[in-house]
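Chain residues, written in single-letter form:
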Amino acid sequence: MIKFENVNKWYGAYQALVDVSESVDKGEVVVVCGPSGSGKSTLIRTLNRLEPIQSGSIHIEGKNIHAKGLDVNAFRSRIGFVFQQFNLFPHLTALENCTLAPIHLRGLNKAQAREQAMALLERVGLAHKAHAFATELSGGQQQRVAIARALAMEPPLMLFDEPTSALDPEMVGEVLTVMKSLAKDGMTMVVVTHEMGFARDVADRVLFMDVGRVLERARPHDFFNAPEHPRAQQFLSDIRSPFATA
Amino acid sequence: MSFLEVIDTYWLYFLVGPYPKGPLGGLALTLVLASLGLLLALPLGLILGLGRVSPWAWIRLPITALVYVVRATPLLMVIFWAYFFLPSVTGIKTDQFATMLIALVVFDAAYLAEIVRAGIQGLPKGQVEAARSLGLSYLGAMRLVVLPQALRHMLPSLVNQFVATIKETSLGYIIGLAEVSFIATQINTLVFTLPSQIYMTLGLTYFILCFGLSRLAYWFERRLSQREKPHLPARALT
Amino acid sequence: MTAFDLSLITSGPYHDMLVAGLKLSLQLLVVTLLLALPLALVVAMMRLSGLRVLRSGAWLFVEAIRNVPLLAHMLFWYFGAPELLPEATREWLYAHNYEAVAAVAALTFYTAAYMSEDVRSGIRAIPHGQFEASRALGFGFFRSMRLIILPQALRVTLPPLISQTLNLWKDTSIATVIGTAELMYQAAKVETETFRSVEAFVFATTCYLTVSLLITGLAVTYQHFFPARAV
């Protein structure tokens, strides 16, 4: 469903993505991990064109996403994006956050949009908070609303950019639970995360990145038990025992 | 005559000028001019402000230049241009009120443009990213997500701009517009013996008006920051 | 409308009038700055003082001045203030170019009120810990201000102060109303005598824009070489 071919990206003189060629199949759950600065966030942000690329190509559902004449807005409306900082719209209620795009972009009328949004909020466990504003919700609740907001457009693909990194530890679980259920329902997902438990339980594949390159790609079982690339081995041992000396 | 006699004789003239025997003047004219000026300047200022942040350089650059030029010019200069120049260009002889109004609208719009710009650029970048990620266009995101939030944050600045506009109306004096400063001078010419008291009264009038309004702006700002505070219950939520 | 006549303003008597006006405007700017800055500093210190009387007095000063338009200030100083002086002084003042003095008085108090707020904000921007560290070393209030706080506050305060200077430059035009023969007054006078509004006002507008540009350029240069640094 997704295909990266020789993708390179620079921020000025700094190369953030180096010759990335990967693919993701429909229904797959791919976790991208790596140390900070590895380019994993950049990679996922190129998928909905929040970041431009300088060379190479990206195809989603067989179409080149940088093709001339492509309607960027229509393209983005078919991809769900969940941000690290949630980015809920504070001047709207949770329900209104979820009905905004369907009403204005998919032509649903108010009643249809509300019905769909309530169902989604129910699914993420927040139907009782439908009329609350973002400032009245905890971080975990905000992120779940953000997921519902993205799902309201019925996208075939969901992207998650470190969805739990800005949450207090006790709220991480509620968000991961929602993501797990999405995966179980067959959603194609690309997730940038540090949550190794999620990767182990839910991912079909793990991509390990460092300094702009994908250094290792493997099934979770293989990645966590027997990483091949030395940098990946270093990364995993740092995570497991941060105070161990070499 | 004593000062109390002055107040007794001229208080109505001070408030409304020669009305109804002549056009509206005095404090009433000041308020009407300021309100009308700001009201008309708002849509223009909004458009200019959007132009200032526009991602298209062919819009952004000329508008930025225009705003800078107007802001670098004294208001009096703008008034003179309008007063001396407009009639010869448009062929219509505008009266002092219309001239002053046009000058105020143009001048205030340039300042409002900066307030709008600051309001828009003060929003976290993530808001625009989230809106665009949903598929909203640039204008759609502006209309539905950015401006509703930005305009709310701008409210204290807008009230301050209204206070500034009230003070700006005083320059109508120079082209003979019968706003409150002009009326005060007329009264002073008639009475002649109590200038310091008359002008202190003028100052006091402006003070009550402007100070009151800026307290309002302060109250707006307090209410705004209170609403933004998260109201989390004491216990962690599941 | 007859054609634009540049020679009218580049030479001859009207040129001289306009240049004299420009000179006076610049003089008003400089003299006011020299008087307003120290006054602003004093008022800001009073606003931050421990004594309630000083704090309230300074607060009242600032609010009373800022909420009254500059034109009203000018009218007061020119027409109203001399009444409070003895007759002889009054006569002397009116005979000796009192317009400029009244203009400077009005401009100084008006500008100082605004600048004192900027200075105060600048000082408050310095973390209180700096002041505490200085007192812990044994420096008194004024030494702490002079050696530790104000030097740091200067970098933060300078941009808004330059912005106020820009406002001051534009505000000098209001001195016209009490008969001060600065640039705006002269431009209007040229217009009255020649009926050529465009040339006179183009000259005046160009002067205002040019000096505004120079002042802004100063600010940009300063910020380039001395950016406000946080610890």
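Residues numbered from 1 in each chain as written. Chains lettered and ligands numbered in written order. Predicted model: local features only at pLDDT ≥ 70, side-chain atom pairs only at ≥ 80, totals over all residues. Heavy atoms only, no water.

Participant: Just to check I follow, could you spell out a nonpolar patch on the surface for this structure?
Facilitator: On the surface, B:Leu4, B:Ile7, B:Trp11, B:Leu12 and B:Leu15 cluster together to form a nonpolar patch covering roughly 500 Å² of accessible area. Inspection of the secondary structure puts B:Ile7 in helix H1 (residues 3-16). (Patch = residues over 30% accessible without salt bridge, like charges linked within 9 Å, V, L, I, M, F, W, Y side chains within 5 Å. Areas by Shrake-Rupley, 256 points an atom, 1.4 Å probe, with all protein chains shown as cover. Salt bridge = Lys/Arg side-chain N within 4 Å of Asp/Glu carboxyl O. Helix = DSSP H or I, 4+ residues; strand = E, 2+ residues; numbered from the N terminus.)

Participant: Please explain the sheet that holds strand S9 (residues 188-192) of chain A as it appears in this structure.
Facilitator: Adjacent strands of a sheet form backbone hydrogen bonds with each other and so pair up, either parallel or antiparallel. All names here are of chain A. Taken together, the six strands give an open sheet; going across it, the order is S7-S8-S9-S4-S10-S11, and neighbouring strands pair in mixed fashion. The open sheet has two edge strands, strand S7 (79-82) and strand S11 (213-218), and neither has a second partner. Here the strands of the sheet are splayed against their neighbours by 15° on average, with no regard to which way each runs. Two strands pair when backbone bridges link them, and strand S10 (residues 205-210) and S11 are joined in this way by five bridges, in the antiparallel orientation. Bridge pairing in S11 places Asp210 opposite Arg213. Along the sheet face, helix H1 (residues 40-47) touches strand S4 (29-33), S7, strand S8 (157-161), S9 and S10 and points at about 150° away from the line of S8. On top of the sheet, helix H6 (residues 169-184) reaches S4, S8 and S9; it is set at about 145° to S9, its chief contact. (Pairing = 2+ DSSP bridges. Axes fitted to C-alpha atoms, helices over the stretch in contact; angles between N-to-C directions. Contact = heavy atoms within 4.5 Å.)

Participant: Looking at this structure, how should I read unusual backbone geometry?
Facilitator: In most cases, non-glycine residues show a negative phi, while peptide bonds are predominantly trans. Here the residue pair B:Tyr19 and B:Pro20 is connected by a cis peptide bond, since its omega of 0° sits within 30 degrees of zero. By the element assignment, B:Pro20 lies in the loop between H1 and helix H2 (26-53). The backbone of A:Arg49 shows a phi angle near 60°, a positive value even though the residue is not glycine. Mapped onto the elements of the fold, A:Arg49 is located in the loop between H1 and strand S5 (55-60). Located in the positive-phi region is A:Val211, a residue other than glycine, with phi close to 35°. Counting through the fold element by element, A:Val211 comes out in the loop between S10 and S11. A:Val211 sits in the exposed class, given a relative accessible area of 55%. (Buried < 20%, exposed > 50% of the residue type's maximum accessible area, 1.4 Å probe, protein only.)

Participant: How should I be thinking about the pairing of S8(A) in this particular structure?
Facilitator: It is a general feature of regular strands that their side chains alternate between the two faces of the sheet. All names here are of chain A. S8 sits mainly inside the fold: five of its five residues count as buried. The alternating pattern of S8 places Leu157, Leu159 and Asp161 on one face and Met158 and Phe160 on the opposite face, and all of these are buried. As paired strands, S7 and S8 are joined by four bridges and run parallel to one another. Looking at S8, one finds that Val82 is bridged to Phe160. Bridge count for S8 against S9 is five bridges, and the pairing is parallel.

Participant: Please explain the interface of chain A and chain B as it appears in this structure.
Facilitator: Note on interface size: it is often stated as the accessible area lost on association of the parts. Taken together, the 27 residues of chain A in the interface contact 25 residues of chain B. Both sides of the chain A and chain B interface together cover about 2,300 Å² of buried area, and 59% of this is carbon and sulfur. Looking at the side of chain A facing chain B, the largest losses of area belong to A:Phe89, A:His91 and A:Thr135, adding up to 25% of the total buried there. At the surface where chain A touches chain B, the tally comes to one salt bridge. For the salt bridge of B:Glu129 with A:Arg45, the shortest nitrogen-to-oxygen distance reads 2.7 Å. Between chain A and chain B we count seven residue pairs in polar contact (both at pLDDT 80 or more) in total. (Buried area = accessible area lost by both parts, 1.4 Å probe. Polar contact = N/O pair within 3.5 Å; in protein donor to acceptor, adjacent residues only side chain to side chain.)

Participant: Can you walk me through the pairing of S10(A) in this structure?
Facilitator: All names here are of chain A. Along S10, six of the six residues are buried, which leaves the element largely enclosed by surrounding structure. Here S10 shows no split at all, with Arg205, Leu207 and Met209 on one side and Val206, Phe208 and Asp210 on the other all buried. Where S4 and S10 come together, four bridges link them in parallel fashion. When the bridges of S10 are listed, Val31 appears paired with Val206. The loop that links S10 with its antiparallel partner S11 comprises two residues; one of these, Val211, has a positive phi angle of about 35°.

Participant: Help me understand the interface of chain B and chain C in this model?
Facilitator: Residue-level contacts link 37 residues of chain B with 35 residues of chain C. Summing both sides of the interface, chain B and chain C together bury roughly 2,900 Å²; the carbon and sulfur share of this comes to 76%. Scanning the region where chain B abuts chain C turns up zero salt bridges. Within the residue set of the side of chain B that touches chain C, elements represented by two or more residues are helix H3 (57-72), helix H4 (75-90), helix H7 (138-168), helix H8 (180-191) and helix H9 (195-227) of chain B. When residues of the side of chain B that touches chain C are assigned to their parent elements, the largest contribution, 13 residues, is made by H9(B).

Participant: Sorry, what's going on with the packing of aromatic side chains here?
Facilitator: Note on aromatic pairs: each is described by the distance of the centres and the angle between the planes. If you walk through the whole model with that rule in mind, you get 23 aromatic pairs over all chains. Measuring from ring centre to ring centre gives 5.7 Å for C:Tyr78 and C:Tyr98, while their planes differ by 20°; the resulting arrangement is stacked. With C:Tyr78 in helix H4 (residues 70-80) and C:Tyr98 in helix H6 (residues 98-125), the pair connects residues that are 20 residues apart, well separated along the chain. By the burial criterion, C:Tyr78 is buried, and C:Tyr98 matches it. One aromatic cluster is present, built from ring pairs that chain together B:Phe80, B:Trp81, B:Tyr83, B:Phe84 and C:Phe201. Against the face of A:Phe89 rests A:Arg149, its NZ or CZ located 4.5 Å from the ring centre. (Phe/Tyr/Trp six-rings, centres within 6.5 Å; stacked < 30°, edge-to-face > 60°. Lys NZ or Arg CZ within 6 Å of the ring centre and 35° of its normal.)

Participant: Explain the environment of C:His15 here, please?
Facilitator: All names here are of chain C. Checked against the element boundaries, His15 lands in helix H2 (residues 12-48). Looking at His15, the relative accessible area reads 22%, which means it is partly exposed. Distance from His15 to Val190, taken between C-alpha atoms, is 9.1 Å for residues 175 residues apart in sequence.

Participant: Could you clarify how one ought to interpret the pattern of salt bridges in this entry?
Facilitator: It is possible for side chains bearing opposite charge to pair when their charged atoms get close. Under the counting rule described, the total for this entry stands at 18 salt bridges over all chains. Of the charged contacts, one joins A:Asp185 and A:Arg123 as a salt bridge, the two residues approaching to 2.6 Å between their closest N and O atoms. Here A:Arg123 lies in helix H4 (residues 110-123) and A:Asp185 lies in the loop between H6 and S9, a separation of 62 residues in the sequence. With a closest N to O distance of 3.9 Å, A:Lys180 and A:Asp201 form a salt bridge. With A:Lys180 in helix H6 and A:Asp201 in helix H7 (residues 196-202), the pair connects residues that are 21 residues apart, well separated along the chain. Look at the salt bridges and you will find they share partners, linking A:Lys9, A:Arg45, A:Glu51, B:Lys125 and B:Glu129 into a network.

Participant: Help me understand the side chain of C:Glu99 in this model?
Facilitator: All names here are of chain C. The topology assignment puts Glu99 in helix H6. Within the structure, Glu99 has its side chain in polar contact with the side chain of Tyr78 (distance 3.2 Å). Beyond its immediate stretch of four places on either side in the chain, Glu99 contacts Tyr78, Ile178, Gly179 and Thr180.

Participant: So what exactly am I meant to see when it comes to the packing of H4(B) against helix H5 (residues 96-121) of chain B here?
Facilitator: Each pair of packed helices can be summarised by the angle the axes make with each other and by the distance between the axes. Residue and element names in this part refer to chain B. The geometry of H4 relative to H5 is characterised by a closest axis approach of 9 Å and an angle of 135° between their N-to-C directions. Between H4 and H5, the angle falls in the class oblique. Here H4 runs over H5; the crossing is right-handed. Residues Leu75, Val78, Ile79, Ala82, Tyr83 and Leu86 of H4 pack against Gln96, Thr99, Met100, Ile102, Ala103, Leu104 and Phe107 of H5. When grouped by side-chain class, the residues that make up the contact of H4 with H5 number eleven nonpolar, two polar and no charged. (Parallel < 35°, antiparallel > 145°, perpendicular 65-115°, else oblique. Left-handed = near helix turned anticlockwise from the far one by under 90°. Nonpolar A, V, L, I, M, F, W, Y, C, P; charged D, E, K, R; others polar.)

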